[in-house]
Protein chains: 2
Amino acid sequence: MNKIKRVLIAGGTHGNELNGIYAVRKYERCPELIHRPSFETLTVLGNPRAIEAGVRYIDKDLNRCFDIPEGKATDLDYEVQRAREIKSQFGQAGQMPVDFAIDQHGTDSNAGLMLILDSLDCFTLKLAAYLSCKQPELKVYSSAASGRSQDSLRSIARYGVGIEVGPVAHGTLHAELFQKTEVLVCAILDYLEQYNSNTVSLEETSLTVYQHANAVDYPKGKNGEIQAMIHPQLQFKDYEALNPGDPMFLTFDGDAIAYQGSTTVYPIFINEAAYYEKGIAMYLTQKQQFQVS
Amino acid sequence: MNKIKRVLIAGGTHGNELNGIYAVRKYERCPELIHRPSFETLTVLGNPRAIEAGVRYIDKDLNRCFDIPEGKATDLDYEVQRAREIKSQFGQAGQMPVDFAIDQHGTDSNAGLMLILDSLDCFTLKLAAYLSCKQPELKVYSSAASGRSQDSLRSIARYGVGIEVGPVAHGTLHAELFQKTEVLVCAILDYLEQYNSNTVSLEETSLTVYQHANAVDYPKGKNGEIQAMIHPQLQFKDYEALNPGDPMFLTFDGDAIAYQGSTTVYPIFINEAAYYEKGIAMYLTQKQQFQVS
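Residue numbering note: each chain is counted from 1, following its sequence as written. Think of it this way: whatever chain is written first is A, whatever ligand is written first is 1, and the rest follow in order. Confidence filtering applies because this is a predicted model: local features only for residues at pLDDT of at least 70, side-chain atom pairs given and counted only at 80 or more, and all residues used for totals across whole chains, interfaces and linings. Water and hydrogen atoms play no part in the side-chain values, which are based on all heavy atoms of the structure.

### Notes on the sheet that holds strand β10 (residues 256-258) of chain B
Two strands in a sheet stick together by hydrogen bonds in their backbones, pointing the same way (parallel) or opposite ways (antiparallel).
Residues and elements named next belong to chain B.
Thinking step 1. Between any two strands, at least two bridges found by DSSP are needed for them to pair. Numbering goes from the N terminus for both helices and strands, where a helix is a DSSP run of H or I of at least four residues and a strand is a run of E of at least two. As summarised here, the arrangement of the three strands in space is β8-β9-β10, forming an open sheet in which the pairing is antiparallel. The two strands at the open ends of the sheet, each matched to only one other strand, are β8 (228-230) and β10. Neighbour-to-neighbour, the strand axes of this sheet turn through a mean angle of 35°, independent of strand direction.
Thinking step 2. Sheet topology note: the strand β9 (residues 247-251)/β10 ladder contains three bridges and is antiparallel. Its bridge partner being in β10, Leu 250 is matched across the sheet by Ala 256. Orientation is described by lines fitted to C-alpha atoms, with helices fitted over the stretch in contact, and by angles between N-to-C directions that extend from 0 to 180 degrees.

### Some details on the environment of Thr 208 of chain A
All names here are of chain A.
Thinking step 1. Within the secondary structure, Thr 208 is located in strand β7 (residues 205-216).
Thinking step 2. The exposure class of Thr 208 is partly exposed, given its relative accessible area of 26%.
Thinking step 3. When the C-alpha atoms of Thr 208 and Gly 171 are compared, they prove to be 31 Å apart, with 37 residues separating the residues in sequence.
Thinking step 4. Of note is the side chain of Thr 208, whose polar atom sits 2.8 Å from the side chain of Gln 289. Under the scheme applied here, a residue whose accessible area is under 20% of the maximum for its type counts as buried, over 50% as exposed, and between as partly exposed, the area being computed with a 1.4 Å probe on protein chains only. Residues adjacent in sequence count toward polar contacts only when both atoms are side-chain atoms; beyond that, a polar contact is any pair of N or O atoms within 3.5 Å, and within protein one must be able to donate a hydrogen and the other to accept it.

### Concerning the layout of surface pockets
Thinking step 1. Lining residues are defined by having an atom within 4 Å of a point belonging to a cavity or pocket. Those points lie on a 1 Å grid over the protein atoms alone, cavities being sets where a 1.4 Å probe fits but cannot get out and pockets being open sets with protein on both sides within 12 Å along at least five of seven lines. Grid points are joined across faces, edges and corners, and a volume is the space filled by probe spheres set on the points. When its volume is computed, the second largest pocket comes out at roughly 280 Å³.
Thinking step 2. Pro 167 and Ala 169 of chain A together with Asp 108, Pro 167 and Phe 236 of chain B are the residues nearest the centre of the second largest pocket, which is lined by 22 residues in total.
Thinking step 3. For this scheme, ten residues count as nonpolar: Ala, Val, Leu, Ile, Met, Phe, Trp, Tyr, Cys and Pro. Four count as charged, namely Asp, Glu, Lys and Arg, and the remainder, Gly too, count as polar. In terms of residue class, the lining of the second largest pocket is made up of twelve nonpolar, eight polar and two charged.

### As for the relation of the copies chain A and chain B
Thinking step 1. The copies are overlaid by a least-squares fit using only the C-alpha atoms of residues whose pLDDT is at least 70 in both copies. Screw-axis analysis of chain A against chain B gives a translation of 0.0 Å along the axis, an RMSD of 0.0 Å, and a rotation angle of 180°. In short, the pair behaves as if placed about a two-fold rotation axis. Looking at the rotation axis and the C-alpha trace of chain A, the residue lying nearest is Ala 169 of chain A, at 2.8 Å.
Thinking step 2. By residue overlap, the copies meet face to face through one surface: 100% of the interface positions of chain A are interface positions in chain B. Note on definitions: a residue-residue contact is assigned when non-hydrogen atoms from the two residues lie within 4.5 Å.

### Considerations on unusual backbone geometry
A negative phi angle is the norm for most residues apart from glycine, just as the trans form is the norm for most peptide bonds.
All names here are of chain A.
Thinking step 1. With omega at 5°, the peptide bond leading from Gly 166 into Pro 167 counts as cis.
Thinking step 2. The topology assignment puts Pro 167 in the loop between β6 (159-166) and α5 (175-196).
Thinking step 3. Positive phi values are uncommon outside glycine, yet Tyr 239 reaches one of about 75°.
Thinking step 4. Summarising the element assignment, Tyr 239 is placed in the loop between β8 (228-230) and β9 (247-251).
Thinking step 5. Residue Tyr 239 is classed as buried on the basis of its relative accessible area, which comes to 8%.
Thinking step 6. A positive phi angle is found at Phe 269, which is not glycine, with a value near 50°.
Thinking step 7. By secondary structure assignment, the location of Phe 269 is in the loop between β11 (266-268) and β12 (282-292).
Thinking step 8. The buried category is assigned to Phe 269, whose relative accessible area is 2%.

### Observations regarding the packing of aromatic side chains
Residues and elements named next belong to chain A.
Thinking step 1. Centres within 6.5 Å make a pair out of two Phe, Tyr or Trp rings, where for Trp the six-membered ring is used; the pair is then stacked when the planes are under 30 degrees apart, edge-to-face when over 60, and tilted otherwise. In the structure shown here, the tally under the stated rule is 32 aromatic pairs over all chains.
Thinking step 2. Plain terms: the ring middles of Tyr 141 and Phe 269 are 6.2 Å apart, the flat faces sit at 75° to each other, and that makes the pair edge-to-face. Of this pair, Tyr 141 sits in strand β5 (residues 139-142) while Phe 269 sits in the loop between β11 and β12, placing them 128 residues apart in sequence.
Thinking step 3. Judged by relative accessible area, which is 3%, Tyr 141 ranks as buried.
Thinking step 4. Between Tyr 141 and Tyr 283, the aromatic rings sit 6.3 Å apart at their centres with planes inclined by 25°, giving stacked as the arrangement.

### Side note on the interface of chain A and chain B
By convention, interface size is frequently given as the accessible area that disappears when the constituent parts associate.
Thinking step 1. If you look at the interface, chain A gives 32 residues, while chain B gives 32 residues.
Thinking step 2. A 1.4 Å probe defines the accessible area here, and the buried area is the portion of it lost by two parts on being joined, summed over both. In terms of surface lost to chain B, no three residues of chain A exceed Leu 173, Met 229 and Phe 252 of chain A, which account for 23% of the buried area on that side.
Thinking step 3. Whenever a carboxyl oxygen of Asp or Glu lies within 4 Å of a side-chain nitrogen of Lys or Arg, that contact is scored as a salt bridge. Between Lys 26 of chain A and Asp 253 of chain B there is a salt bridge whose closest N-O contact spans 3.8 Å.
Thinking step 4. Our enumeration of links across chain A and chain B arrives at seven residue pairs in polar contact (both at pLDDT 80 or more).
Thinking step 5. For the side of chain A that touches chain B, the elements supplying multiple residues, two or more each, are α1 (18-29), α5 and β8 of chain A.
Thinking step 6. Residues that form the side of chain A that touches chain B fall into these classes: 15 nonpolar, eight polar and nine charged.

Given below as structure tokens:
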């Protein structure tokens, strides 16, 4: 068993997601909150220039920049440079390689308290099960099938999780979700401490995981203009069943557009502002149970 | 009685408030929706460059630029120039002076469906009372005491109202609020039509108006950094009574900060993202009844 020697807590990977930024500032002010005896805990503000400007990013979404090879036209983009800087500090070949990364995000969608896993290995599933027992409202989303295993900040660590909370408008703080995130971060650190001392105690648990299936774009016209909005019956209904024939979008003239798939899916990140430019109205997921012990 | 001859419907005065932008585009595609026999209805997208960029503004908040005199350092700011352009088109000394302006906005705060009045003259109060009868959920906010009577887009018309809807995250569409806004805009046009033909029929009504009292900033440290968030008990509680001693903010360490005022107030625009940079955590209002007939 490889012990966890160093943990990284990140916030502000997107410069307008304030909860994570203020959480990192709090931990830097009160390091005792994240200190655990068996490993070192570090913090980082992902995108200082975007934080200063109060925007998601300056040139490019930092959380998609960690696998961009050198020698491309994007080399001069601030976030590409910042990703390399962070990787050279905390990456596996860096100065202070981290074994576990926690990256804190916020979303306009009704994410509640969401844990994002990039792989479904035993270590990660046990952690997720432990956290679900501690905070039963926690939702677990696996991005393993999204093709996004290497481009995110958390991917530079041996293990990593993302935390998404919502709905919280970009550029705002949300006290209740701030406190819940803090409880979750502390529970992750507690788990890693127990893992290191081989004292994890976990009863057999059925863990619900929302597994990434695919992204859905807004209906668009020939010129690329959006032709319909999220249907009112779907707005804020993240994690709820969307059945074939259920209304999904509503045109500006008031006509419903139904979900055309053949199976029930569970949409998440519904109507996230930052995903409009990516052509994503929501992610569809499959709901799956894992027995973890 | 001066008849209404020309009405202006604006959207996109802030470039990331999508509902108003798509509403204007719809009206431009279907002008019959806003056509009324006794007056001309025009549309305008306030801030085209900000709309293109998906941001609130390029250099400066356009909706604070309509009273900036020439010859200032801000003359080269895009929004200052744009305000002058709009004023030269639709202002009282412009090419096509408008008698009534409707400016459509969106907010992260729990505004619901809000009508903003800049003055409490009889014409405006009767309109508000009529609209409240048509859409009982409508909340009426008077900014008359805010000192903002001349700086907004709507101020260029003889009469003007703002429409705020929320919560809708900036950069997103919200179908239910899109439809409610459309009903409200049509009701305003219907009222103006009745006004012109002297056929307004309004029973005596008690109209509730939330009158601007003052703005409250976030608690801040010496370096200007925010030290507390909106208290969870106040988040999304726009228009609800805030009594002396009620929790207002919550520090990052979890300590509540109480409202120190001596009278009950009714906060609105609680936790609006765009107001962080203005140093506004919320507006406090006084709730007042007007008998309108």
